[in-house]
Amino acid sequence: MKLWGGRFTGSTDSFTDHFHSSISFDSRMYKQDILGSVAHSKMLGKQGIIPKEDSELIQKTLLEILKDIEDGKVTFDEKAEDIHMNVETILIQRIGDVGKRLHTGRSRNDQVALDIRMYLKDQITDIKKLVYELMHTLNDMAAEHTATILPGYTHLQNAQPVTLAHHLLAYMEMFKRDYARLGDVYKRTNIMPLGSGALAATTYPIDRRFVCEELGFDDITLNSMDGVSDRDFVIELLSALSIIMMHLSRFCEEIIIWNSQNYKFVEMDDAYSTGSSIMPQKKNPDMAELIRGKTGRVYGHLMGILTTMKGIPLAYNKDMQEDKEGVFDAVDTLKMCLPVFTRMISTMTVNKANMYKAAKGGFMNATDAADWLVKQGVPFRDAHAIVGRLVLYCVQNGKSLDELTLDEFKAESDVFTSEIYNAISLETCVNTRTVEGGPSEAYIKKLIETNKAYLASL
Ligand code: ARG
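For the structure given in this document, a descriptive report is provided here.

Cut-offs and rules
- Residues numbered from 1 in each chain as written.
- Predicted model: local features only at pLDDT ≥ 70, side-chain atom pairs only at ≥ 80, totals over all residues.
- Heavy atoms only, no water.
- Helix = DSSP H or I, 4+ residues; strand = E, 2+ residues; numbered from the N terminus.
- Rg over C-alpha atoms; globule rule 2.2 N^0.38 Å.
- Contact = heavy atoms within 4.5 Å.
- Areas by Shrake-Rupley, 256 points an atom, 1.4 Å probe, with all protein chains shown as cover.
- Buried < 20%, exposed > 50% of the residue type's maximum accessible area, 1.4 Å probe, protein only.
- Salt bridge = Lys/Arg side-chain N within 4 Å of Asp/Glu carboxyl O.
- Phe/Tyr/Trp six-rings, centres within 6.5 Å; stacked < 30°, edge-to-face > 60°.
- Core = buried A, V, L, I, M, F, W, Y, C linked by side-chain atoms within 4.5 Å.
- Near = heavy atom within 4 Å.
- Polar contact = N/O pair within 3.5 Å; in protein donor to acceptor, adjacent residues only side chain to side chain.
- Nonpolar A, V, L, I, M, F, W, Y, C, P; charged D, E, K, R; others polar.
- Pairing = 2+ DSSP bridges.
- Patch = residues over 30% accessible without salt bridge, like charges linked within 9 Å, V, L, I, M, F, W, Y side chains within 5 Å.

**Quick word on the overall build of the chain**
Part 1 of the argument: If you tally the helices and strands in the chain, you get 19 helices and 6 strands.
Part 2 of the argument: For the chain, whose C-alpha radius of gyration is 31 Å, the value lies well above the compact-globule estimate of 23 Å for 458 residues.
Part 3 of the argument: Put simply, 76% of the contacts in the chain that link residues at least 6 apart link residues at least 24 apart.
Part 4 of the argument: Entry remark: accessible area of the chain is about 21800 Å², with carbon and sulfur atoms responsible for 53%.

Laid out in structure tokens, this is it:
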């Protein structure tokens, strides 16, 4: 008979059992479920709600069950529906009637809300570590490339020269925000719902603050109906994970472009590339493509849970069992993508010469040529037009700006002097942008130190 089978005369259909059972995916919360039950039974004993000896036997047996699960000695039963009832069933098998006292003053509704919060807290901590490692790698790589000139693009058209360090540290900023976002989600996940009961709390004199303390939560939920039906923290986490994937995906897209034959800015290490079964020359950046591709499923899980939650009347409804698979898959996905990405970028070869060559083409120093004229007193609009005409001349004659002779410069404006050559060198273009937030080597070196201090403070 089912643990809840008292008011039933018939048994459930076995296909139905398979349909509504969640053990195939919620078994991964076995540890949280058991530790939650240990704290609950300890509290029941302390409050005199169940005999102290019973509470102690329950706690001891639960920990034995935990060890047996970890040693692979336990097989879960689909008929016992979910992890909560599987553990309780095993407990009752082992210690009989005493085990039947565990569920006093508790419902699976607050139990599952507790378990998933505990589980996701651990996952957030793991993912924060992976984001930390990525940030560390980015900052270290940036330190090696403060003078590596790279074309900067807008519209994927050559725009202005930057450095590889500047580019890498743009992502550093994104991941700093991601790290902070995970910390925010953690705060709101770290609230203890047990004691909410099915929805209207309980008449037993339970001590919720004791359980909260035992399990290392910050605070308790303050409304039992909200306590069992809130899944905002799942949605928030999926949102934070989606944003991380979006950042990884943009970066992957760039790496795929940079790794292509037409750019050759980087070359992926063999360990992070694959070949083609038909084209012998191929070395494809599959890992980057796969990370970009997996972004879709994480977004999908966010949409899934938002849609599941939008029409659910208070309080618990079985729809909410659908909260788990998506967020579990998202967490698993991030835990694979982040370390692969970090290793992939830290092992790729940077081709500085090709980056430099690309930055030299495409008139990326045109703005600087105009700015130089402005500094000599030419109004910006006029300067813009003069340099525009020079660019046209260069295009027609297959030259770059720095290849023009002084006479050719002077043909458009007699303000030009030989100083223009230094003013439009790529190094000058980058390093005169000393403003905070800019690409100059001087500023970027400072920023790398700031980032080091930030990383050390985490
Ligand atoms: N497996 C269920 C879930 O994940 C546990 C809670 C079930 N509660 C209930 N009243 N059926 O949501």
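**What to know about the side chain of H167**
Part 1 of the argument: In this structure, H167 sits in helix 7 (residues 164–189).
Part 2 of the argument: For H167, a relative accessible area of 16% translates into the label buried.
Part 3 of the argument: Sequence-distant contacts of H167, defined by excluding residues within four places in its chain, comprise L150, E254 and W258.

**Here's the deal with the pattern of salt bridges**
Part 1 of the argument: The tally for this structure, following the rule as stated, stands at 29 salt bridges.
Part 2 of the argument: For R94, the salt bridge is made with D68, and the minimal N-O distance between the two is 2.9 Å. Residue R94 is found in helix 5 (residues 83–95), and its partner D68 is found in helix 4 (residues 52–70); the two are separated by 26 residues along the sequence.
Part 3 of the argument: Classification of R94 by relative accessible area gives partly exposed; the value is 39%.
Part 4 of the argument: A salt bridge links E81 to R108, with the shortest nitrogen-to-oxygen separation between them at 3.0 Å. Placement of E81 in the loop between helix 4 and helix 5 and of R108 in helix 6 (residues 108–144) is noted, with a sequence separation of 27 residues between them.
Part 5 of the argument: According to the relative accessible area criterion, E81 is buried, its value standing at 3%.
Part 6 of the argument: One connected set of salt bridges, linked through shared partners, spans E81, D82, R108 and K318.

**A word on the packing of aromatic side chains**
Part 1 of the argument: Following the criterion strictly, the structure yields 9 aromatic pairs and no others.
Part 2 of the argument: Between Y171 and F251 the ring centres are 3.9 Å apart and the planes differ by 10°, which places this aromatic pair in the stacked class. Taken together, the residues Y171 in helix 7 and F251 in helix 10 (residues 232–258) connect sequence positions 80 residues apart.
Part 3 of the argument: When its relative accessible area of 0% is taken as the criterion, F251 is described as buried.
Part 4 of the argument: For the pair W258 and F265, a centre-to-centre distance of 6.4 Å together with 45° between the ring planes defines the contact as tilted. The two residues W258 and F265 agree in class, both being buried.

**Brief notes about unusual backbone geometry**
Part 1 of the argument: Residue A315 is reached from L314 by a cis peptide bond, and omega for that bond is 0°.
Part 2 of the argument: The phi torsion at F363 lies on the positive side, around 55°, for a residue other than glycine.

**Some thoughts on the nonpolar core**
Part 1 of the argument: One finds L241, I244, L248 and F341 to be the most contacted residues of the largest nonpolar core, which totals 105 residues.
Part 2 of the argument: Setting aside residues up to four positions removed in sequence, I244 forms contacts with I127, V131, F175, D178, L182, L334 and L338.
Part 3 of the argument: Ranked by size, the runner-up nonpolar core spans 19 residues in total, among them A369, A383, I386 and V387.

**Concerning the site of the ligand**
Part 1 of the argument: Close contacts around the ligand come from S22, D26, D82, H84, R108, N109, V112, Y316, Q321 and K324, and that covers them all.
Part 2 of the argument: In the environment of the ligand, a nitrogen atom lies 3.0 Å from a nitrogen or oxygen atom belonging to the side chain of D82.
Part 3 of the argument: Between the ligand and Y316 there is a distance of 2.5 Å, counted from an oxygen atom to a side-chain nitrogen or oxygen.
Part 4 of the argument: For the ligand, the accessible surface in isolation is 340 Å², of which the surrounding protein chains cover 86%.
Part 5 of the argument: Looking at the shell around the ligand, the element that brings in the most residues is helix 6, giving 3 residues.
Part 6 of the argument: Taken together, the residues of the shell around the ligand sort by class into 2 nonpolar, 4 polar and 4 charged.

**Observations regarding the pairing of strand 2 (residues 157–163)**
Part 1 of the argument: The sheet contact formed by strand 1 (residues 149–154) and strand 2 spans 6 bridges and is antiparallel. Looking across to strand 2, one finds that I149 is bridged to T163.
Part 2 of the argument: Taking the residues that link successive antiparallel strands as the turn, the strand 1-strand 2 hairpin has 2 residues, and the phi of H155 there is positive, at about 60°.

**Some points on the side chain of D230**
Part 1 of the argument: Structurally, D230 can be placed in the loop between helix 9 (224–229) and helix 10.
Part 2 of the argument: When its relative accessible area of 12% is taken as the criterion, D230 is described as buried.
Part 3 of the argument: In this structure the side chain of D230 is engaged in a polar contact, spanning 2.8 Å, whose partner is the side chain of R117.
Part 4 of the argument: At 2.6 Å, the side chain of D230 forms a polar contact with the backbone nitrogen of D232.

**Let's talk about a nonpolar patch on the surface**
Part 1 of the argument: Taken together, the side chains of L199, M225 and L314 present a nonpolar region at the surface, about 270 Å² in accessible area.
Part 2 of the argument: Structurally, L199 is set in the loop between strand 3 (191–192) and helix 8 (208–214).
Part 3 of the argument: We classify L199 as partly exposed; its relative accessible area is 36%.

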